[in-house]
Amino acid sequence: MRTQVGIIGAGPAGLLLSRLLTRHGIDSVVLENRSRDYVEARIRAGILEQHTVDTLTAAGVGDRLHREGLEHSGIHLQYPGTRHTLDFPALCGRSVWVYGQTEVTKDLVAAQLDGGPPLLFEVSDVTPEDVDGDAPRIRFTDADGIPQVLECDVIAGTDGFHGPSRAVVAAGAGGARVWERTYPYAWLGILADAAPATDELIYAWHPDGFALYSMRSPKVSRLYLQVDPDEKIEDWSDDRIWDGLATRLALDGWAPNTGPITDRSILPMRSFVSAPMRRGRLFLAGDAAHIVPPTGAKGLNLAVADVTLLATALVRLLREGRTDLADAYSDTALRRVWRCTHFSWWMTSMLHASGDDFDAQLQLSQLRRVCSSEAAARELAENYTGLPIEA
Ligand code: FAD
Ligand code: DHB
């Protein structure tokens, strides 16, 4: 088998990269170790920045997003006694969209299977080889158990945090440097069949811990509670979850709408950056190279920003034989990665209960500052809605 770009991983990064390349006449093959059902059912992020919406639209997968996505023009920041609205269009001229990552993935998979480049599910033993030369390849075993070799010009490692690509970059002559921060808390996330009782998302600071009120549609709410990282999901009954949310989100008798919980999980929180994002002809994008804690909703958007840059660089490399953008890719991408890493760390640190009352007073002071200073609010709004992608 032969293709121009061998793509490992059918998350949003890999699928979108394949789609962007196709539109420029570059062929690719996407290899995914999970099943289609599994990939389409993973509940993850829910907020899309303007540039992500624009990129998906330009890639021809924006129809349902424009029909069903909910445009949001701000967020509420809350601490006991106060709920303050940040108006994003007034602060920075942009907004964000609520549209689940599951829906983005379904749209991309459907487009791929409808005449797009090959997308192979349930492959195993995926191994990139000879990435330092001009003719790299990927060895893998297909869904029927038959060993295969995919010869490529370039390999894209879009295989998430647990995929094999990052280790191949680190094993190169130049090695890799890793920065990591594990936070002393996690998020318990639920999906509930309940109409959201709020127009905008609510990010709430509370002495018991952070809570976030988000949504997926006019009938489905997505809510999160800060919990200890070693909490067991079995110890959280529906009543305990709703009581925690009601306490932390409470304001003047207002309370979230409750309803049947259809999904629940506990997510660890970490910041992680691995650099460089390239070794020879192997390029990393998305969670394969970096992880941000979810506060601020940057993970998915950052993956989309990476592949937007990478697609442009690969088109230039493979169509014109020019290496300049491919050579600049890692440094250019990492500048945005670090901006988003800082913003996610800052939002996380401002909103999660941790430390002692000194920390709590600093957090409340920072929250009051964002709620009272237009300059401080604009800094949050510009980062939250997404800074422009560097050329
Ligand atoms: P992924 O979506 O991880 O895709 C990687 C793909 O590679 C997967 O399909 C995987 O199965 C495949 N793969 C892995 N190993 C192999 C292999 N050996 N061979 C072949 N394929 C392989 N972000 C937010 O902004 N807000 C959130 O609320 C939020 N919640 C999250 C909850 C969870 C549980 C997780 C894990 C992440 C969450 N994120 C959230 C982050 C966001 O979902 C990710 O940043 C985003 O999915 C990154 O996309 P990606 O394509 O780079 O990686
Ligand atoms: C969602 C997730 C986030 O991390 C966030 O900051 C806002 C919303 C969500 O899943 O809806």
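What you see is a predicted model, and the numbers here were worked out from it, not measured in a lab.

Chemist: Looking at this model, I keep getting lost on the site of ligand 2. Mind explaining?
Modeler: Around ligand 2, the neighbouring residues are A45, G46, I47, L201, L212, S214, R222, P294, T295, G296 and A297. Classifying every residue of the shell around ligand 2 gives 6 nonpolar, 4 polar and 1 charged.

Chemist: Teacher, can you tell me more about the pairing of strand 14 (residues 201–204) here?
Modeler: Looking along a regular strand, one sees side chains alternate from face to face of the sheet. Burial along strand 14 is two-sided: L201 and Y203 facing one way and I202 and A204 facing the other are all buried. Relative to strand 14, strand 5 (residues 74–79) runs parallel, the two sharing 4 bridges. By the bridge assignment, Q78 is partnered in strand 14 with A204. Pairing geometry for strand 14 and strand 15 (residues 211–217), over 3 bridges, is antiparallel. Residue A204 lies in a different strand from strand 15, and its bridge partner there is A211. Two successive antiparallel strands, strand 14 and strand 15, enclose a turn made up of 6 residues, where G209 displays a positive phi of approximately 135°.

Chemist: What am I meant to see in the environment of D153 here?
Modeler: Mapping D153 onto the fold places it in the loop between strand 11 (147–151) and strand 12 (154–157). Setting aside chain neighbours within four positions, we find D153 in contact with Q4, V5 and L318.

Chemist: Can you walk me through the sheet that holds strand 20 (residues 290–291) in this structure?
Modeler: Pairing between the strands of a sheet comes from backbone hydrogen bonds, and it takes one of two forms, parallel or antiparallel. With mixed pairing, the 8 strands of this open sheet are ordered in space as 6-5-14-15-16-13-17-20. The open sheet has two edge strands, strand 6 (82–87) and strand 20, and neither has a second partner. Taken together, the 6 bridges between strand 15 and strand 16 (residues 220–227) define a ladder with antiparallel strand orientation. Counted as the bridge partner of S217 is V220 from strand 16. Together, strand 13 (177–192), strand 14, strand 17 (261–275) and strand 20 form the strand contacts of helix 10 (residues 324–351), whose direction differs from that of strand 17 by roughly 130°.

Chemist: Please explain the UniProt feature "domain: FAD-binding" (unreviewed entry) in the protein as it appears in this structure.
Modeler: The feature "domain: FAD-binding" (unreviewed entry), as annotated in UniProt, sits at residues 2–343 in this numbering. Between the end C-alpha atoms of residues 2–343 the distance is 41 Å, and the span holds 32% helix and 32% strand.

Chemist: Would you take a moment to explain the sheet that holds strand 18 (residues 278–279) for this structure?
Modeler: Read from one edge of the open sheet, 6 strands run 8-2-1-12-19-18, paired in mixed fashion. With one partner strand each, in any of the chains shown, strand 8 (119–120) and strand 18 form the two edges of the open sheet. The sheet contact formed by strand 12 and strand 19 (residues 282–284) spans 3 bridges and is parallel. Bridged to A156 within strand 19 is F283.

Chemist: For this particular structure, what's the right way to read the packing of helix 1 (residues 12–22) against helix 9 (residues 299–320)?
Modeler: When two helices pack together, you describe them by how their axes are tilted relative to each other and by the distance separating the axes. The geometry of helix 1 relative to helix 9 is characterised by a closest axis approach of 9 Å and an angle of 30° between their N-to-C directions. In terms of orientation, helix 1 and helix 9 fall into the roughly parallel class. Regarding helix 1 and helix 9, the two cross each other, and that crossing is right-handed. Two secondary-structure elements touch here, helix 1 through P12, A13, L16, L17, L20 and L21 and helix 9 through L300, A303, V304, D306, V307, L310, A311 and L314. Here the residues of the contact of helix 1 with helix 9 are counted per class, giving 13 nonpolar, no polar and 1 charged.

Scoring rules and cut-offs
- Residues numbered from 1 in each chain as written.
- Chains lettered and ligands numbered in written order.
- Predicted model: local features only at pLDDT ≥ 70, side-chain atom pairs only at ≥ 80, totals over all residues.
- Near = placed C-beta within 6 Å.
- Nonpolar A, V, L, I, M, F, W, Y, C, P; charged D, E, K, R; others polar.
- Buried ≥ 20, exposed ≤ 12 C-beta atoms within 10 Å, placed from the backbone.
- Helix = DSSP H or I, 4+ residues; strand = E, 2+ residues; numbered from the N terminus.
- Pairing = 2+ DSSP bridges.
- Contact = placed C-beta atoms within 7 Å.
- Axes fitted to C-alpha atoms, helices over the stretch in contact; angles between N-to-C directions.
- UniProt positions renumbered as here; feature names shortened; annotations may be inferred.
- Parallel < 35°, antiparallel > 145°, perpendicular 65-115°, else oblique.
- Left-handed = near helix turned anticlockwise from the far one by under 90°.

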